[in-house]
Amino acid sequence: QLQASGGGLVQPGGSLRLSCAASGSIFSINFMAWYRQAPGKQRELVAIIGSDGSTNYADSVKGRFTISRDNAKNLAYLQMDSLKPEDTAVYSCNAGLKPGRYATWSQYWGQGTQVTVSS
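What counts and how
- Note that residues are indexed from 1 along each chain, following the sequence as it is written.
- In keeping with the model being predicted, local features are shown solely for residues with a pLDDT of at least 70 and side-chain atom pairs are shown and tallied solely at 80 or more, while totals for entire chains, interfaces and linings include all residues.
- Each side-chain value is worked out from all heavy atoms of the structure, with water and hydrogens disregarded.
- Note on classification: 1.4 Å probe, protein chains only; a residue is buried when its accessible area is under 20% of the maximum for its type, exposed when over 50%, partly exposed between these limits.
- Helix and strand definitions here come from DSSP, where helices need a minimum of 4 consecutive H or I residues and strands a minimum of 2 consecutive E residues; each element is numbered from the N-terminal end.
- DSSP bridges decide pairing: two strands pair if at least two such bridges lie between them.
- Two cysteine sulfurs form what is called a disulfide whenever their separation falls within 2.5 Å.
- All axes are obtained by fitting lines to C-alpha atoms, using only the stretch in contact for helices, and the reported angles, taken between N-to-C directions, cover 0 to 180 degrees.
- Within 3.5 Å is the distance limit for a polar contact, defined as a pair of N or O atoms, with the added protein rule that one can donate a hydrogen and the other accept it, and that residues adjacent in sequence qualify only through two side-chain atoms.
- Whether two residues are in contact is decided by their heavy atoms: any pair within 4.5 Å suffices.

Chemist: Describe the pairing of strand S9 (residues 89-98), listing the residues and the values that go with them.
Modeler: Counted residue by residue, S9 has 9 buried out of 10 residues, so it is predominantly covered. Pairing geometry for strand S4 (residues 28-37) and S9, over 8 bridges, is antiparallel. Paired with Trp34 across the two strands is Cys93, which belongs to S9. Pairing of S9 with strand S11 (residues 113-117) involves 3 bridges; the strand directions are antiparallel.

Laid out in structure tokens, this is it:
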């Protein structure tokens, strides 16, 4: 129900934009977020955006990454600038949503997309 795209190989200092599309039966989306997991490390929250547009970022990406969303299209984006080798990881999107008016809020995950920062 969540589809992530936009990963790839980029040189240090470069930029990438990730997209997360929510599809299927969706009544309402609360938050949308991006996580990442590097080899041998725990998954970490990179950025999150609420339904009101409020945002929060991991300290390691503040000032370099920007999360945004298009509520009309059920899309979330992660603009990543000034990329560093330590940003290399599999990035996954996550959302809290209700698939129907009377359904409960649940968390959904998209498949990961690989981001590699290397010269």
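Chemist: Can you tell me about the state of the cysteines, naming the residues and giving the values?
Modeler: In this structure the tally under the stated criterion is 1 disulfide. Each sulfur of the disulfide joining Cys20 and Cys93 lies 2.4 Å from the other. A torsion of 70° about the S-S bond marks the disulfide between Cys20 and Cys93 as right-handed. Separated by 73 residues along the polypeptide, Cys20 in strand S3 (residues 16-22) and Cys93 in strand S9 bring together distant segments of the chain. Neither residue differs from the other here; Cys20 and Cys93 are each classed as buried.

Chemist: Lay out the sheet that holds S3 with the relevant residues and their values.
Modeler: On the basis of which strands lie adjacent, the open sheet formed by 4 strands has the order S1-S3-S8-S7 and antiparallel pairing. Since the sheet does not close on itself, it has two edges, and those belong to strand S1 (2-5) and strand S7 (65-70), each with one partner. Mean inter-strand twist for the sheet, computed between neighbouring axes without regard to direction, equals 15°. Pairing of S3 with strand S8 (residues 75-80), which is carried by 6 bridges, proceeds in the antiparallel orientation. Bridging across to S8, Ser19 finds its partner in Tyr77.

Chemist: An account of the side chain of Thr113 is requested, with residue identities and associated values reported.
Modeler: In this fold, Thr113 is placed in strand S11. Judged by relative accessible area, Thr113 falls into the buried class, the value being 10%. Engagement of the side chain of Thr113 in a polar contact is seen with the backbone nitrogen of Gly7, the distance being 3.1 Å. Those residues in contact with Thr113 that sit more than four places away from it in its chain are Ala4, Ser5, Gly6, Gly7, Leu18, Ala89, Val90 and Tyr91.

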